[in-house]
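Residues per chain are reported as follows:
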Amino acid sequence: MASTDGKATVERKPPPESQESIRTRRLVILAFWSVAILLGLPIWWKTTTIYRAQLPLQAMLDWADGKSCRPVFPLRIALDAPSLSSNDAHNLLRTTQHAIDDLNDFSAHHLRLRLRDHFDTRNASQEVHPDVGDLPAVGTPASFTDEDEGEIALSVRLLPGVSGTLPRAELQPYSPTLDVLYAPNQIPSPSSSAAAPAPLATFIANELQKLFAEEQDMLVYLLSSSPASSTSLQAQTTQPKPLSPEAAESLAKQSTRSFKYAPTYHLTFSLFTPTAAPSDWEIEEALATHVAPLLESLSTISNFTVDTQVQLYAAFSPSIREPEYDSNRGAWTLRKEDVSGFINAAEWPLSPSIGAGPTVNFVLYVPSPSQTPLVVADGDATATSWLVPQWGSILILNPTASNQQRQQQPTTLTQDDLAPAMLTFSSHLLSLLSVPSSPPSLPLRLRTLTRVRAASLLLSASSTLGSLARLALALPGIAIPDAVADAVDETVARLDAACADLREGRFGAALRSARVAEMRVEKAFFEPSMVGQVYFPDEHKVAVYLPLLGPVAVPLLMAVVKEIKKLREGRGKKEKEGGEKKKQ
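Residues numbered from 1 in each chain as written. Predicted model: local features only at pLDDT ≥ 70, side-chain atom pairs only at ≥ 80, totals over all residues. Heavy atoms only, no water.

We now examine the pairing of strand β10 (residues 331-335). Here strand β9 (residues 324-326) runs beside β10; their pairing, made up of three bridges, is antiparallel. Bridging across to β10, D326 finds its partner in A331. Here β9 folds back onto β10 in antiparallel fashion, the turn holding four residues, of which G330 has a positive phi close to 65°. Taken together, the four bridges between β10 and strand β12 (residues 374-378) define a ladder with parallel strand orientation. Bridge pairing links L334 to V376 in β12. (Pairing = 2+ DSSP bridges. Helix = DSSP H or I, 4+ residues; strand = E, 2+ residues; numbered from the N terminus.)

This is the structure in structure tokens:
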């Protein structure tokens, strides 16, 4: 080579690498890649793989689509006919059942009459209704047990009557019993056919249909509004007639007004007054007398806790107008549009919730003597109590006339003073819990609520199962812990038990199973580890792994690339030298 000073120079090259060095370098690169592939990659895969427990996805979707269960409600009606012979009783049962079936247009909700056995040794044929004699005793045979016949929805007692309009029906207000008074000539003859039933059979069928009409409407509304039950309705042998606009509107208002079902409700009774009196109230005695029996009746559906409080110097909410005196009514009036802002949420200690269940507030407001009596004006009508949807009830308790004349407030509200308020609060509580307004018998209404709640919980749990299955299918990267799989398995088992109990008429057991199913599937759906994975997309993983693996992977990749290039250069050089030797 020539240089700038005219002297030839020779370019020096590094000495050739020995085969031992090349082999050592390649072994080092291979060792690094072996550690990365054989050790690092399995460890990374094991530590970053998302665990997904196996879920019965198809079974879950079948429940959500209404394919696994068709809710039915067979109501057992015990027919008690102590004054009829066995043949007459069975003939009446047969003709009445045919009349009921002809009236029923909703096959999922059907009434089934059963004769009740009798063990009373008295001559029952001589007993008549209380208008002319003593009421006959009702035997409860062993055949009507929860295991064999299911729960008896209603007892129909046939009693001979001698006065008044016959036949006529009298429903017991505190017992699921319907007394039917009849004349002896109204008993259907053995020749009566199903096509032309006797008037007594038709009368009983119509009365039973009226008693359970609202329950049928509630179930039709529930099933038609639930996606999980559309298949069940289509599978009915007889399609229920559509609800009237009035019934649909009433049920829609009821669902908006009432609380969602909960295993436990917290009842808070609060006394508020803008002055220093009354400062005490006999609330424990009033609750024990007027509210505790109702809560005991509701205990088979939900549990209740009760607490009370008193707040003195409780001023109105500043968002409403001050009451105005109406000389025509002789009372201080609040406008109806101000009712929604009556509660002073900033100063009145009303907790929105205590514990896991919802809180139902009952506010008793005692106005000051200078603004007594206080009423809410709605046109020509006035009211002192109103219901707040999904919150509770408010009642204005005006002092008695004697206290109004003395312009003073009593220091203590007695049990008698609180009685009207407790009765109003009890009525509002039933409305907030979706208890139907008819029939007038409270036990019948509570049994209706049991059946409706069992159906609603079964449908709600089924819908949540479907949502969980669709979530697992849509997000393959979401973690599914074993706790979720166990909860799903228990939910499916409980739903199967609830559906079987419904078919057998064991509505209390169905409610208990559906309640557990709803709790378990809700807990599974909101599993914290699953909820966190929903907000952890794949892009986030790339952003985490690139800065970590980049500095490690680049040197290894570059070493492999250089080694491949050197290997190719070596092969090319050998081929070139071999070609030159052949030419020589």
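One can find L295 in helix α8 (residues 283-298). By relative accessible area, L295 is classed as buried at 13%. With ten residues separating them in the primary sequence, L295 and T305 have C-alpha atoms 9.5 Å apart. Those residues within four positions of L295 in sequence are excluded, and the remaining contacts are L267, F304, V306 and L429. (Buried < 20%, exposed > 50% of the residue type's maximum accessible area, 1.4 Å probe, protein only. Contact = heavy atoms within 4.5 Å.)

To continue, consider the side chain of H109. Looking at where H109 falls in the secondary structure, it is placed in strand β2 (residues 109-115). Overall, the relative accessible area of 1% leaves H109 in the buried class. Among the polar contacts made by the side chain of H109, one reaches the side chain of E215 at a distance of 3.1 Å. In this structure, H109 is in contact with F73, L75, N104, F212, E215, Q216 and L219, ignoring residues within four places of it in sequence. (Polar contact = N/O pair within 3.5 Å; in protein donor to acceptor, adjacent residues only side chain to side chain.)

What follows is about the pairing of β12. In terms of burial, β12 is largely enclosed, as four of its five residues are buried. Between β12 and strand β13 (residues 381-383), which pair antiparallel and follow one another directly, the connecting turn spans two residues, one of which, G379, has a positive phi of 70°.

Reading across the sheet, the four strands line up as β9-β10-β12-β13 and stay open at both edges, with mixed pairing between neighbours. Every interior strand has two partners, whereas the edge strands, β9 and β13, have only one. Strand after strand, the sheet turns through a mean of 50° between neighbouring axes, direction not considered. (Axes fitted to C-alpha atoms, helices over the stretch in contact; angles between N-to-C directions.)

With that settled, the discussion passes to helix α5 (residues 213-225). Here α5 spans 18 Å end to end across 13 residues, near enough to the 18 Å set by a 1.5 Å rise per residue. Residues E214, E215, Q216, M218, L219, V220, L222 and L223 constitute the buried set of α5. (Expected span 1.5 Å × (residues − 1).)

This next bit is on the pattern of salt bridges. In the structure shown here, the tally under the stated rule is 16 salt bridges. Here E207 ties to K210 by a salt bridge, and the two come within 3.1 Å at their closest N and O atoms. Within this pair, E207 and its partner K210 are both found in helix α4 (residues 199-211), separated by three residues, close to a single helical turn. Notably, a salt bridge pairs K253 with E249, separated by 3.6 Å at the nearest N-O pair. Here K253 and its partner E249 are both found in helix α7 (residues 245-257), four residues apart, which amounts to about one turn of the helix. One network of salt bridges, in which partners are shared, links R25, R26 and E563. (Salt bridge = Lys/Arg side-chain N within 4 Å of Asp/Glu carboxyl O.)

With mixed pairing, the five strands of this open sheet are ordered in space as β2-β1-β3-β5-β4. The open sheet has two free edges, formed respectively by β2 and β4 (168-171), since each of these has just one partner strand. Across this sheet, the average inter-strand angle for adjacent strands is 25°, counted without regard to direction. Of the strand pairs in this sheet, strand β1 (residues 73-80) and β2 are connected by seven bridges, and their pairing is parallel. Counted as the bridge partner of I77 is L113 from β2.

With that settled, consider the packing of aromatic side chains. Enumeration according to the criterion identifies 14 aromatic pairs in this entry. Consider the rings of F269 and F362, whose centres lie 4.9 Å apart with planes at 15°: the pair is stacked. Taken together, the positions of F269 in strand β6 (residues 264-272) and F362 in strand β11 (residues 359-365) put the pair 93 residues apart, joining distant regions of the chain. Accessibility expressed as a relative area gives 2% for F269, which makes it buried. Ring centres 5.1 Å apart and planes at 80° place the aromatic pair F525 and F526 in the edge-to-face group. Overall, the relative accessible area of 23% leaves F525 in the partly exposed class. Aromatic ring contacts, followed pair by pair, group F272, F316, F342, W348, Y365 and W386 into a single cluster. Taking the ring centre of F507 as reference, the NZ or CZ of R451 above it sits at 5.3 Å. (Phe/Tyr/Trp six-rings, centres within 6.5 Å; stacked < 30°, edge-to-face > 60°. Lys NZ or Arg CZ within 6 Å of the ring centre and 35° of its normal.)

L208, L364 and M422 are the most contacted members of the largest nonpolar core, which totals 110 residues. Here this core gets 15 residues from one element, more than from any other, and that element is helix α11 (residues 442-474). Mapped onto the domain boundaries, this core takes at least three residues apiece from domain 2 (74-216) and domain 3 (259-432). When neighbours within four sequence positions are excluded, M422 is seen to be in contact with F269, I283, A286, L287, H290 and V291. (Core = buried A, V, L, I, M, F, W, Y, C linked by side-chain atoms within 4.5 Å. Domains from an automatic or database assignment.)

Those places that UniProt annotates as "transmembrane region" (unreviewed entry) correspond, in this numbering, to residues 27-45. With 100% helix and 0% strand, residues 27-45 has end C-alpha atoms that lie 26 Å from one another. (UniProt positions renumbered as here; feature names shortened; annotations may be inferred.)

This part is about the confidence of the model for the protein chain. In the predicted model, the protein chain carries a mean pLDDT of 83, and the fraction of residues at 70 or more is 83%. Every residue in residues 118-149 is under pLDDT 50, and counting partners more than four places away or in other chains gives 59 contacts. (pLDDT = per-residue confidence, 0-100.)

Before going further, it helps to examine a nonpolar patch on the surface. A surface patch of nonpolar side chains, amounting to about 570 Å² of accessible area, comprises I37, L38, L41, W44 and W45. Within the secondary structure layout, W45 lies in helix α1 (residues 19-48). The exposure class assigned to W45 is exposed, which follows from its relative accessible area of 57%. (Patch = residues over 30% accessible without salt bridge, like charges linked within 9 Å, V, L, I, M, F, W, Y side chains within 5 Å. Areas by Shrake-Rupley, 256 points an atom, 1.4 Å probe, with all protein chains shown as cover.)

Quick look at the layout of surface pockets now. For the largest pocket, the calculated volume is near 740 Å³. Lining the largest pocket are 26 residues, with L222, K260, Y261, R453 and S456 positioned closest to its centre. Top element by residues in the lining of the largest pocket is α11. It accounts for seven residues. Class assignment for the residues of the lining of the largest pocket results in 13 nonpolar, eight polar and five charged. As for the second largest pocket, its lining consists of 16 residues, of which E17, I22, K566, E569 and G570 are closest to the centre. For the lining of the second largest pocket, the element with the highest residue contribution is helix α15 (residues 538-583), accounting for eight residues. Of the residues belonging to the lining of the second largest pocket, the class tally is five nonpolar, two polar and nine charged. (1 Å grid on protein atoms, 1.4 Å probe; cavity = no way out; pocket = protein on both sides within 12 Å on 5 of 7 lines; lining within 4 Å. Points joined across faces, edges and corners; volume = space filled by probe spheres on them. Nonpolar A, V, L, I, M, F, W, Y, C, P; charged D, E, K, R; others polar.)

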